[in-house]
Amino acid sequence: TIWSNISMLLEAYETLEDARNLVEVTEDLDPKLYAKISSARRSIVNQYLQYLKEAVLDEDDFTSEILDSWVKSGRLENEWRVNQARKFIGLNG
């Protein structure tokens, strides 16, 4: 369930990123709209980190080997996400 929720959050993040990019290229840039989109993105990032922490805590002992298996399985598909997960190594061990 956690990974399903993470997947939905990442979809929402990508949608907001697309919206932010569209707003950036318009000539009539509305700073309030851009600020709202940026705020929503930050909120999703914070939610992502909370879900990631829950996924870590679901492991008996979160190790670098588990982190590597998450990367290989596609759960952590970029360096930023890997680095965020790496911060939790040993948290529940």
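Data block above holds the structure.
Counting of residues starts from 1 at the beginning of each chain's written sequence and follows it residue by residue. Where totals are concerned, whole chains, interfaces and linings use all residues; where local detail is concerned, this predicted model gives features only for residues with pLDDT of at least 70, and gives and counts side-chain atom pairs only at 80 or more. Here the side-chain values reflect all heavy atoms present in the structure, with hydrogen atoms and water set aside.

Colleague: In this structure, what is going on with the overall build of the protein? I would like to understand it.
Modeller: Secondary structure elements follow DSSP: runs of H or I no shorter than four residues count as helices, runs of E no shorter than two count as strands, and numbering proceeds from the N terminus. In terms of regular secondary structure, the protein is built from 4 helices and 0 strands. Listed N to C, the secondary structure of the protein is α-α-α-α in terms of helices and strands. Note that the radius of gyration is over C-alpha atoms, with the globule rule given as 2.2 Å times the number of residues to the power 0.38. Scaling as 2.2 N^0.38, a compact globule of 93 residues should have a C-alpha radius of gyration of about 12 Å, whereas the protein reaches 16 Å, well beyond that. In the protein, the share of contacts with a sequence separation of at least 24, taken over all contacts with a separation of at least 6, comes to 67%. Surface exposure here means Shrake-Rupley accessible area, sampled with a 1.4 Å probe, where a residue is shielded only by the protein chains that are shown. As presented, the protein carries roughly 6,100 Å² of accessible surface, and 51% of it is formed by carbon and sulfur atoms. Residue contacts are defined here by distance: any two heavy atoms, one from each residue, within 4.5 Å place the two residues in contact.

Colleague: I'm lost on the environment of Leu9 in this one. Help?
Modeller: Relative to the assigned elements, Leu9 resides in helix 1 (residues 2–25). Working definition: with a 1.4 Å probe on protein chains only, accessible area under 20% of the residue-type maximum means buried, over 50% means exposed, and in between means partly exposed. Assessed through its relative accessible area of 10%, Leu9 is described here as buried. When residues no more than four places from it in sequence are discounted, the contact partners of Leu9 are Ile44, Gln47, Tyr48 and Tyr51.

Colleague: Looking at this structure, how should I read the pattern of salt bridges?
Modeller: Close approach of charged atoms allows side chains of opposite charge to pair. By definition here, a salt bridge exists when the distance from a side-chain nitrogen of Lys or Arg to a carboxyl oxygen of Asp or Glu is within 4 Å. Applying the stated criterion across every chain yields a total of 3 salt bridges. For Glu17, the salt bridge identified is with Arg20, shortest N-O distance 3.6 Å. With Glu17 and Arg20 both in helix 1, this residue pair falls 3 residues apart, about one helical turn. For the pair shown, Glu17 and Arg20 are each scored as buried. Here Arg81 and Glu77 are joined by a salt bridge, their closest N and O atoms 1.7 Å apart. Relative accessible area serves as the criterion here: at 9%, Arg81 is assigned to the buried category. A cluster of three or more residues bridged by salt bridges with shared partners is formed by Glu17, Arg20 and Arg41.

Colleague: Looking at this structure, how should I read the side chain of Arg20?
Modeller: The exposure class assigned to Arg20 is buried, which follows from its relative accessible area of 17%. Contact partners of Arg20, with chain neighbours within four places excluded, come to Tyr34, Ile37, Ser38 and Arg41.

Colleague: Just to check I follow, could you spell out the packing of helix 2 (residues 31–57) against helix 4 (residues 79–86) for this structure?
Modeller: Axes are the key here: two packed helices are described by the angle between their axes and the distance separating the axes. For every element, the axis is a line fit to its C-alpha atoms; helices are fit only across the contacting stretch, and the angle between N-to-C directions ranges from 0 to 180 degrees. Where helix 2 contacts helix 4, the axes come no closer than 10 Å and their chain directions differ by 50 degrees. When the interaxial angle is binned, helix 2 and helix 4 end up oblique. The element helix 2 and its partner helix 4 pack so that their crossing is right-handed. Listed contacts from helix 4 to Val45, Tyr48, Leu49 and Leu52 of helix 2 are Trp80, Arg81, Gln84 and Ala85. Only Asp, Glu, Lys and Arg are considered charged, only Ala, Val, Leu, Ile, Met, Phe, Trp, Tyr, Cys and Pro nonpolar, and every remaining residue, Gly among them, polar. Looking at side-chain class alone, the contact of helix 2 with helix 4 contains 6 nonpolar, 1 polar and 1 charged residues. Small angles under 35 degrees read as roughly parallel and large ones over 145 as roughly antiparallel, with 65 to 115 read as roughly perpendicular and the rest as oblique. Crossings are assigned a handedness: left-handed for a near helix turned anticlockwise from the far helix by less than a right angle, right-handed for a clockwise turn.

Colleague: Just checking my understanding: could you explain helix 3 (residues 64–72) for this structure?
Modeller: Residue pairs spaced three or four apart in an α-helix point in one direction, given the helix's 3.6 residues per turn. If you check which residues of helix 3 are buried, you get Ile66, Leu67 and Trp70. Around the axis of helix 3, the buried residues are gathered within 105 degrees of arc, so they sit on the same side. Among the exposed residues of helix 3, those oriented more than 90 degrees off its buried face are Glu65 and Lys72. Taken together, the buried residues of helix 3 touch helix 1, helix 2 and helix 4. Backbone geometry just after helix 3 places Gly74 at a positive phi near 90 degrees. It is the directions from the helix axis to the C-beta atoms whose arc is reported.

Honestly, it's all geometry; don't read function into it.
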